[in-house]
Amino acid sequence: MDDNLWLMELESALLDDCTVNDIYSICNGKSIPEALRPDVWQVCLDVRHKNDQLVSFNEIFDLPFQRQLREDCDAVVKRLGNDDEDKVSVVSDLESILTFYCKNRSLKYEQGNGWIELLLPLLSLKLRRSDTYNLFEAIRDAYIPKGCVKQGNVFHLFRLLVLYHDPELCSMLDTKRITPDLYSRTWFQSLFGATCTLPVVLSMWDLYFQQADPYLVFFLSLIMLVNVREKILAMKDESKETIVEFLSNMPCALEPDDVVDFCSLAQYYAMKTPSSFKTDMLQTLFGAQVDSPLDPVVVQALCLPVSVYELVDNASMETPHPEAVRFFLVDCRPADQYNVGHLSTAFHLDSNLMLQEPVAFATAIQGLLRAQRQSIEANSNAGGEHLCFMGSGRDEEDQYTHMVVASFLQKNTNYVSLLTGGYSAIHEYFGDHMIDCLEDHDVHRCLVCCGNSSHAKNNNTARNSARAPAQAPSSSSQAPQTKITADLFSKLGASLKSKSQEMKGKLFEYIVNPTTNAAAAGQNVAEKHVSASEKNGRRYRNVAPVFSIDDENEEPANAAAVKAEPSSPTDETDSKEIVQLQAFLKQPDVVTSFRCQEVHMNGRMFDSHLIVTKTHLVVLRDLGKSQSQVIVRRHLSSIVKITAKRRHRDLITFKYGVPDGETLLITDMDRFLIPNASNATEIVSRHIVQQLENSKNA
């Protein structure tokens, strides 16, 4: 839009009864012209039509701390360098406004609380004293976090945000015992008014008030650190005082031309951060009370907490913004708890392994990271950059979950969070829809369903967290609020119930368990159930094996159990046959081949080739130097079913078996991650049909 056009549109909007949304859409992140700034700020802070509150001020300056207030106002104004007449006027306005504010709100002024620095940019607008007061009061209410005291909620939360995005930097500051309140208190108390030049502050507040986001100060402060992280890390041998002084003065270097990029980066980092803390902390940080008690969820948090409603909502997003948070959920409960109920999208990492089987734990971590990479590359709903760890919600197990989380943080892993309330919070969140949303749920063995008293006691925090959105304060602070209503719960419940099988598509169905050996894993694979649709929809008696391609679903409990039978020697290759890949592909009966990865039940993945011949399916595992090992040969006629994950269409399972009366007897299965899997399954299916036709005509 041409400069003159948007300015004309802004002037026209200000003549009408416009809103902050109108201002935002017109200005689109631009700095406001000086002549229009007072009106724009009054609209953004919703004080344009507010009454003159100072009319009730009796002009009596008799506060117990009046002398200190007057001296501080005078000292700050002297540093501005104005002429004497201006100084007297500014000091008078400062003292009058702050005196009335203290009397009107029954507050006590304290030296260095940021009030004076917050007022000075407002006085530069040269408004009536009553209008200046209304702006000051609105900013204090909407944008200054409550409790900016040593080790307050504000600084605990800010440290968690630094830890989330830059654990190495956070660790260095922790080592030097440099807590955020030592260097950032004035940033939060004055919205950088105490540290930046007036032109910078005015430009920054232009953008700030258009955004109407009280949490923006947290991310502006985060950018301050991240922007000079290398300099900070290089100061690790400097004294604590030197580092604190450097950090405190960082905003002084900002120039007006830096403001747009500064704010844009802050918004980008806000988008890359889980947002449930905003709702959970809204009442504590921006509520009506003056001094908020310490919030144990934040003060005692090992890392950034994530509420269950955000986790569930995040997993249900169909087309998220490319930069939005996507979680990779890591279920750290013991295997026996995982096996009686879990989210289908969760990767299982038994936290007990860390102490009991450190080698197996290290292997499991590699599997986790690899699964995470694969899920990101596949653009799966079950995968993302952001690791969200989940415990049981019980202290006896969660102490080990915390050890696992700490091990990731010690390795400076970015984007680490912990689900508040753990599995029990998820269990309670779904309520009556739990059976549709949790996989392998066994009400007789589930610890939450059993409802032992110690578990219920430990879950009070989880319940409160899950209900937090309904308790969020009104929009008087203009804060964007995450609100979980009955409609959202109904929508999620209906969606999950009608598509219960769709949610059962976790990336890799494997459990890291020291008691599970390869033979046991094979037994678990074989002991699958046949779906009701297979049992009732087709007759298998005296007919050839039936091939189908459909979604891979959990089989119902009332289906006929399947027992594993040894594969035929002609179908399974036990010997370690080594071949030259190119020579093998040139054999006359080879139809085509596909690069793939074998996916084992223990989570291991191997680079391989899936070879389709006229009669067999052959798997060659890459050994390097053009050599491959023949892992398995399966006759095409033994394939009775090919399934694909609904949410991960490239994860393909080939099931082998024979008819057994009214059911199929599944004897074995193989699983592969195949790029462009639809092409591979179409070719395999075509040749299976051809094999069946040949058998029928023989």
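Quick summary incoming for the structure in this document. The residue count restarts for each chain, going from 1 along the sequence in the order it is written. Two thresholds apply to this predicted model, a pLDDT of at least 70 for residue-level local features and 80 or more for giving and counting side-chain atom pairs, whereas whole-chain, interface and lining totals are computed over all residues. Think of the side-chain values as coming from all heavy atoms in the structure, minus any hydrogens and water.

Between Lys or Arg on one side and Asp or Glu on the other, a salt bridge is scored when a side-chain nitrogen of the former is within 4 Å of a carboxyl oxygen of the latter. In this structure the tally under the stated criterion is 27 salt bridges. For the salt bridge of Arg70 with Glu95, the shortest nitrogen-to-oxygen distance reads 2.7 Å. In this pair, Arg70 is assigned in helix H4 (residues 66-78) and Glu95 in helix H5 (residues 84-105), connecting sequence segments 25 residues apart. A residue is classified by how much of its surface remains accessible, and Arg70, at 39% relative accessible area, is partly exposed. Each residue gets one of three labels from its accessible area relative to the maximum for its type: buried under 20%, exposed over 50%, partly exposed in between, using a 1.4 Å probe on protein chains only. A relative accessible area of 7% places Glu95 in the buried class. Only DSSP runs of H or I covering at least 4 residues are called helices, and only runs of E covering at least 2 are called strands; the numbering of each starts at the N terminus.

In this section: the packing of aromatic side chains. Under the pairing criterion, centres of Phe, Tyr and Trp rings, with the six-membered ring standing for Trp, must be within 6.5 Å; the plane angle then separates stacked pairs below 30 degrees from edge-to-face pairs above 60, leaving the rest tilted. By the definition in use, this model includes 28 aromatic pairs. Note on Phe158 and Phe188: the rings are 5.6 Å apart at their centroids and 70° apart in plane angle, and the pair reads as edge-to-face. Pair noted here: Phe158 is in helix H8 (residues 153-165) and Phe188 is in helix H10 (residues 181-190), with a separation of 30 residues, a long-range link. Like Phe188, Phe158 is buried. Ring plane angle 75° and centroid distance 5.3 Å describe the contact between Tyr215 and Phe286, whose orientation is recorded as edge-to-face. With a gap of 71 residues between them, Tyr215 in the loop between helix H11 (198-211) and helix H12 (216-227) and Phe286 in helix H16 (residues 276-286) connect regions that are remote in the sequence.

A few words now on the packing of H10 against helix H14 (residues 240-248). Every axis in this analysis is a line fitted to C-alpha atoms, fitted for helices over the stretch in contact. Angles between the N-to-C directions lie between 0 and 180 degrees. Relative orientation of the contacting elements H10 and H14 amounts to 20°, with a least axis distance of 8 Å. With respect to H14, the axis of H10 lies roughly parallel. The handedness of the crossing between H10 and H14 comes out as right-handed. Together, Leu182, Tyr183 and Trp187 of H10 and Lys240, Val244, Leu247 and Ser248 of H14 make up the contact between the two elements. The residue classification treats Ala, Val, Leu, Ile, Met, Phe, Trp, Tyr, Cys and Pro as nonpolar and Asp, Glu, Lys and Arg as charged. All others, Gly included, are polar. Taken together, the residues that form the contact of H10 with H14 break down as five nonpolar, one polar and one charged. To sort the angles, those under 35 degrees are grouped as roughly parallel, those over 145 as roughly antiparallel, those from 65 to 115 as roughly perpendicular, and the leftovers as oblique. Helix crossings get a hand from a simple test, with the near helix turned counterclockwise from the far one by less than a right angle marking a left-handed crossing and a clockwise turn marking a right-handed one. Note on definitions: a residue-residue contact is assigned when non-hydrogen atoms from the two residues lie within 4.5 Å.

This paragraph deals with H4. Helix length check: H4 (13 residues) gives 18 Å between terminal C-alpha atoms against 18 Å at 1.5 Å per residue, within 8%. Within H4 the residues assigned to the buried category are Gln66, Leu69, Asp72, Cys73, Val76 and Val77. An end-on view of H4 places all buried positions within 130° of arc, on one side of the element. Among the exposed residues of H4, those oriented more than 90 degrees off its buried face are Arg67 and Lys78. A helix's residues, less one, multiplied by 1.5 Å, set its expected span. In this context, the arc is that of the directions from the helix axis out to the C-beta atoms.

Okay, the packing of H11 against helix H15 (residues 259-271) next. The N-to-C vectors of H11 and H15 enclose an angle of 35°; their axes lie 9 Å apart at closest approach. Handedness of the crossing formed by H11 with H15: right-handed. Contact residues: Val200, Ser203, Met204, Leu207 and Gln211 in H11; Val259, Val260, Phe262, Cys263 and Gln267 in H15.

A word on the side chain of Arg333. Structurally, Arg333 is set in the loop between strand S2 (327-331) and helix H19 (335-338). Setting aside its immediate chain neighbours within four residues, Arg333 contacts Tyr338, Gly341, His342, His348, Leu349, Asp350, Met390, Gly391, Ser392 and Tyr423.

Our focus in this paragraph is the side chain of Asp72. Counting through the fold element by element, Asp72 comes out in helix H4. The buried charged residue Asp72 lacks any salt bridge, with Arg79 as its nearest oppositely charged partner at 7.9 Å. When near neighbours in sequence (up to four residues on either side) are disregarded, Asp72 contacts Tyr109, Gln111 and Ile116. Counting rule for charge: Lys and Arg are taken as positive, Asp and Glu as negative, and neither His nor the chain ends is counted.

Let us look at the nonpolar core. Generally speaking, a soluble globular protein has its nonpolar side chains buried in company with each other. What is meant by a nonpolar core is a set of buried Ala, Val, Leu, Ile, Met, Phe, Trp, Tyr and Cys residues, joined one to another through side-chain atoms within 4.5 Å. Formed by 136 residues in total, the largest nonpolar core has its most connected members in Ile139, Met204, Trp205, Phe209, Phe218 and Phe389. Counting residues per element, this core draws most heavily on H12, which supplies ten residues. Excluding its chain neighbours within four sequence positions, the residues that come into contact with Trp205 are Trp41, Leu118, Pro121, Leu122, Ile139, Ser190 and Leu191. Counting residues in hydrophobic clusters, the runner-up holds 22 residues, among them Ala644, Ile652, Tyr656 and Phe672.

In short, DSSP must find at least two bridges between two strands for them to pair. On the basis of which strands lie adjacent, the open sheet formed by five strands has the order S1-S6-S5-S2-S4 and parallel pairing. Across the chains shown, the open sheet's two edge strands, defined by having one partner strand only, are strand S1 (304-306) and strand S4 (347-348). Examined bridge by bridge, strand S5 (residues 386-390) and strand S6 (residues 416-419) share three bridges and lie parallel to one another. Across the sheet, residue Leu387 finds its bridge partner in S6, namely Val416.

Our focus in this paragraph is unusual backbone geometry. One non-glycine residue, Arg177, adopts positive backbone phi at about 55°. Along the chain, the position of Arg177 falls in the loop between helix H9 (167-175) and H10. On the accessibility criterion, Arg177 (66% relative accessible area) is exposed. Positive phi values are uncommon outside glycine, yet Leu191 reaches one of about 50°. Considering the arrangement of structural elements, one finds Leu191 in the loop between H10 and H11.

Take the environment of Ala644 next. Inspection of the secondary structure assignment puts Ala644 in strand S14 (residues 639-645). Judged by its relative accessible area of 8%, Ala644 is buried. For the pair Ala644 and Ala677, spaced 33 residues apart in sequence, the C-alpha separation works out to 9.0 Å.

This is a description of form; function is not addressed.
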